[in-house]
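Breakdown of the fold
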Amino acid sequence: LLANLKMNIHFYTVYYSMTRKRQYGEVANLLQGVVNVLEHFQKYMGIPQIRQLSERVKAAQSELGTQILADFEETFPAQGSKKSGGPSIVLRDACLVANVLDPRIKQEIIKKFIRQHLSEYLVLFQENQDVAWLDKIDRRYAWIKRQLVDYEEKYGRMFPEEWCMTERIAVEFCHITRTELAKLMRARAREIEVKLLLFAIQRTTNFEGLLAKRFSGCTLNNGPGKKPETPLEPTNPFLEDESGEDNVSEKDEDLDRKPKAPDNPFHGIVSKCFEPHLYVYIESQDKNLGELIDRFVADFRAQGPPKSGTDEGGAVLPSCADLFVYYKKCMVQCSQLSTGEPMIALTTIFQKYLREYAWKILSGNLPKTSTSSGGLTISSLLKEKEGSEVTKFTMEELCLICSILSTAEYCLATTQQLEEKLKEKVDKPLMERINLTGEMDTFSTVISNSIQLLVQDLDAACDPALTAMSKMPWQSVEHVGDQSPYVTSVIMHIKQNVPIIRDNLASTRKYFTQFCIKFTNSFIPKFINHLFRCKPISMVGAEQLLLDTHSLKTVLLDLPSIGSQVVRKAPASYTKIVVKGMTRAEMILKVVMAPHEPSVVFVDNYIKLLADSNPETFQKILDMKGLKRSEQSTMLELFRQRLPNPPSGPDAGPSLSFSAPTPEQESSRIRKLEKLIKKRIQ
């Protein structure tokens, strides 16, 4: 303790001599030891001599700090005509002393030096100078690069390395530049054009990227950063390659998730000033996308729909890929600057033109259905020959519908990915405001409408044949022959349409399956309704209809692969619909063929085969058999009596239900019926 006290007395004795001679190196070494010793004397401050010695040391430190600040001020004057001095060993040692003194001394040295070092910048790039405007923003960054090189050469060894003076100069330059640019752009806001704004943004973000490669960000207010070991890579899914290539595949667009790049601690340190002016960019993209959609419409009208029999038929429209390529460019430009409100504004623009594309390019070009169907006679319907024109849509129109469907599917999938990528890029508090569900629903509607058009076209083509079936004199049929002309007509239309649709939807197989299912769900009930109109029917007529029904059932089961060299097994869901629907038609005819006497047996057989408790359906069966009204009344009364009692209690339902025969049972019955018919024919 005594030795430490003597050390303090020695320091106080030699201090003034060293200070006057500016022997800062010796002072720094001695001062650090004294400060450490004083920490041990803190509990003895009650002793007057020790307290007095401590106060003298503190006064000496204060006086020393003032002298060092004066030395720096003299060497590096803030303003004036006096030229700045160069580095010196004295000032280098003074910095070592400042490390031991009050931290405010070090901060003041740094502040004065940086202010003096950047004073020329404020003069050269004043608001009234031509070089200050955005079109010459490169000169700002070129100036600071030269200054940093000059600093490293002249003063790099004067300041301690842990002071990070080079980074501090660069950071202060960025703060000044952001303030000056913001003030300048507010004053000249009307002069800001989108090309000029994007140029300034690009140059600024490039400069921020260079700072991230050179510095760690340890002097920033948000704490020390870590210098990335590798250059930053973009995380935006729509970012172009550095080579500037704009080529992307239409169908194989890869928007998979990329590894997230390290954060740039300098991102936005200057470029944040451009954010209030991004409305110029958003308005420009609104205008450009509007013009792009108009060009798509004009090109479609000029070029016409995809040609059938070519690779274009059923393909995704080229304009679809062009639209998303443009979206990629917009994403790059906007996300590099801001992940806040401007991204939300851009998303709104994206939504607007996704809807317009769906309406003007896709829905707007779907062929219109025709409602005229007059001028046809039963005779002409029965005499339809292979190749006769009865479909409402031409082959080119069918190809166009398939092409629009494929394009809508591509847009639906890509829009979903776009939503995911936008949510990745935007600030977390804003994620919930990005929702493209409405646009995806719009494309889903286009797909649904396209499928419905294809179904309606084939359905309408089959209508005349079904009408002819219901108008034929089935009571006067004398023998069972081959399939009827109306069956041939239906099969002809199926063979005309389905292969075209299947080939053009080869890349969207699931929607072709939907088409098959929807057509079958529409055709079979319509066929059964026309079957009920065939009245009265003789036994032979019913047998002919049964063979016709079986022929149609076979064709429908084969519909997904009809006319194809590659035979695929139809989806189980589709096969189930065909078997269930056409088996019901066969059961109706089987009931019609059954004798109505004795009545009880007939009614029970009907209930067992059709499992239908609706009296109206039973009435239609009686009409098909040609029974008189008096006989029908008796039958209907018996039918009501023979119906199973509905369940009582909480399980009671609003209507009766029956368990339908299994497919195996139905198939067995049909085989027996076919054998019976063949025997009669022989």
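Residues numbered from 1 in each chain as written. Predicted model: local features only at pLDDT ≥ 70, side-chain atom pairs only at ≥ 80, totals over all residues. Heavy atoms only, no water.

**Structural notes on the overall build of the chain**
Here is the rule: What counts as a helix is a DSSP run of H or I of at least four residues, what counts as a strand is a run of E of at least two, and both are numbered from the N terminus. Using a 1.4 Å probe on the protein chains alone, a residue whose accessible area is under 20% of its type maximum counts as buried, one over 50% counts as exposed, and one in between counts as partly exposed. In what follows, a contact means two residues having at least one pair of non-hydrogen atoms within 4.5 Å. Working definition of accessibility: Shrake-Rupley area with a 1.4 Å probe, residue cover restricted to the visible protein chains.
A count of helices and strands for the chain gives 23 helices and 0 strands. Within the span of the chain, comprising 682 residues, buried residues form 48% of the whole. Taking as baseline every contact in the chain between residues at least 6 positions apart, the subset at least 24 positions apart corresponds to 81%. When the accessible surface of the chain is totalled, it reaches about 35400 Å², and 51% of it is carbon and sulfur.

**Let's talk about the packing of aromatic side chains**
Quick reminder of the rule: For this analysis, a ring pair means two rings from Phe, Tyr or Trp (six-membered ring only for Trp) whose centres lie within 6.5 Å, classed as stacked if their planes differ by under 30 degrees, edge-to-face if by over 60, and tilted for the remaining angles. For a lysine, the NZ atom is tested; for an arginine, the CZ atom; a charge sits over a ring if that atom is within 6 Å of the ring centre and within 35 degrees of the ring normal.
According to the stated counting rule, one finds 25 aromatic pairs in the structure shown. Aromatic side chains Tyr141 and Phe207 sit 4.5 Å apart centroid to centroid with 15° between the ring planes, which places their arrangement in the stacked category. Of this pair, Tyr141 sits in helix H7 (residues 137–155) while Phe207 is found in helix H9 (residues 194–214), placing the two residues 66 residues apart along the sequence. Each of the two residues, Tyr141 as well as Phe207, counts as buried. In this structure an aromatic cluster arises from ring pairing among Tyr121, Phe125, Tyr141, Trp143, Phe173 and Phe207. Between the NZ or CZ atom of Arg188 and the centre of the ring of Trp133, over which it lies, the distance is 4.0 Å.

**As for the nonpolar core**
In plain terms, the rule: Put simply, a nonpolar core is a bunch of buried Ala, Val, Leu, Ile, Met, Phe, Trp, Tyr and Cys residues held in one set by side-chain atoms that sit within 4.5 Å of each other.
In terms of nonpolar packing, the biggest core is built from 184 residues, with Phe274 and Tyr357 touching the most fellow members. What Tyr357 contacts, discounting residues up to four positions off in sequence, is Ile293, Phe296, Leu317, Ser319, Cys320, Leu323, Leu362, Thr407, Cys411 and Phe443.

**Focus: the packing of helix H19 (residues 572–593) against helix H20 (residues 599–610)**
Heads up, the condition is: In this analysis, axes come from line fits to C-alpha atoms, helices being fitted only over the stretch in contact, and the angle between any two N-to-C directions falls in the range 0 to 180 degrees. Oblique is the label for every angle not falling under 35 degrees (roughly parallel), over 145 degrees (roughly antiparallel), or within 65 to 115 degrees (roughly perpendicular). Think of it as three bins: nonpolar holds Ala, Val, Leu, Ile, Met, Phe, Trp, Tyr, Cys and Pro, charged holds Asp, Glu, Lys and Arg, and polar takes everything else, Gly as well.
Running from amino to carboxyl end, H19 crosses H20 at an angle of 175°, the nearest separation of the two axes being 10 Å. On the basis of their axis angle, the class for H19 and H20 is roughly antiparallel. The segment H19 lies against H20, with Arg584, Met587, Ile588, Lys590 and Val591 engaging Phe602, Tyr606, Leu609 and Leu610. Each residue belonging to the contact of H19 with H20 can be placed in one class, and the counts come to 7 nonpolar, no polar and 2 charged.

**Looking at the packing of helix H10 (residues 278–303) against helix H12 (residues 341–362)**
Interaxial distance between H10 and H12 falls to 10 Å at its minimum, and their mutual angle equals 10°. Judged by the angle between their axes, H10 and H12 are roughly parallel. Residues Leu278, Tyr281, Ile282, Gln285, Asp286, Leu289, Gly290, Ile293, Asp294, Phe296 and Val297 of H10 touch H12, and the partners they reach there are Pro342, Ala345, Leu346, Ile349, Lys352, Tyr353, Glu356, Tyr357, Lys360 and Ile361. Per-class residue counts for the contact of H10 with H12 are 14 nonpolar, 2 polar and 5 charged.

**Let's talk about the environment of Ile68**
With respect to the helices, strands and loops of the structure, Ile68 is situated in helix H3 (residues 48–75). Classification of Ile68 by relative accessible area gives buried; the value is 0%.

**Re unusual backbone geometry**
A cis amide bond, omega -10°, links Lys535 with the succeeding residue Pro536. Non-glycine residue Cys164 carries a positive phi angle of around 50°. Note that Cys164 resides in the loop between H7 and helix H8 (165–187). Residue class for Cys164 comes out partly exposed when judged on its relative accessible area of 24%.

**Regarding the confidence of the model for the chain**
Counted only if it meets this: Values of pLDDT, which run from 0 to 100, indicate the predictor's confidence residue by residue.
Averaged over every residue, the pLDDT of the chain is 78; residues scoring 70 or more account for 73%. Counting interchain partners and residues more than four positions distant, the pLDDT-below-50 stretch residues 371–391 has 25 contacts. Taken together, the stretch residues 648–663 has pLDDT below 50 and engages in 18 contacts with residues farther than four places along the chain or on a different chain.

**Concerning the pattern of salt bridges**
For clarity, the threshold we go by: Salt bridge, as used here: a side-chain nitrogen of Lys or Arg that lies within 4 Å of a carboxyl oxygen of Asp or Glu.
In this structure the tally under the stated criterion is 19 salt bridges. Between Lys136 and Asp135 there is a salt bridge, with the nearest N and O atoms lying 3.4 Å from each other. For Asp135, a relative accessible area of 38% gives the class partly exposed. Through salt bridges with shared partners, one network takes in Asp130, Asp135 and Lys136.

**A look at helix H15 (residues 437–471)**
Counted only if it meets this: Each residue after the first adds 1.5 Å to the expected span of a helix. The angle separating two fitted axes, one through the seven residues that finish at a residue and one through the seven that start at it, defines the bend at that residue.
The end-to-end C-alpha separation of H15 is 49 Å, in line with the 51 Å expected for 35 residues at 1.5 Å each. A bend of about 30° at Asp463 is the largest found in H15, and the proline Pro464 appears one to four places after it.

**A short note on the side chain of Ser599**
When you line up the elements, Ser599 lands in helix H20. In contact with Ser599, not counting residues within four places along its chain, are Met635 and Leu638.

**A word on the side chain of Thr442**
To be explicit about the condition: Polar contacts, as counted here, are pairs of nitrogen or oxygen atoms within 3.5 Å of one another; within protein the pair requires one atom able to donate a hydrogen and one able to accept it, and residues that are adjacent in sequence qualify only if both atoms are side-chain atoms.
Secondary-structure assignment places Thr442 in helix H15. The exposure class assigned to Thr442 is buried, which follows from its relative accessible area of 15%. Within polar-contact distance, the side chain of Thr442 engages the backbone oxygen of Gly438 at 2.9 Å. Once you skip the residues sitting within four places of it in the chain, Thr442 turns out to touch Ala358 and Trp359.

**What to know about helix H16 (residues 485–504)**
For H16, built from 20 residues, the straight-helix expectation of 28 Å at 1.5 Å per residue is met to within 8% by its first-to-last C-alpha distance of 29 Å. For H16, the tally of buried residues reaches 15 of 20 residues, placing the bulk of the element in the interior.

**Observations regarding the environment of Gly156**
Structurally, the position occupied by Gly156 is in the loop between H7 and H8. Measuring from C-alpha to C-alpha, the distance between Gly156 and Thr166 comes to 8.1 Å, with 10 residues separating the pair along the chain.

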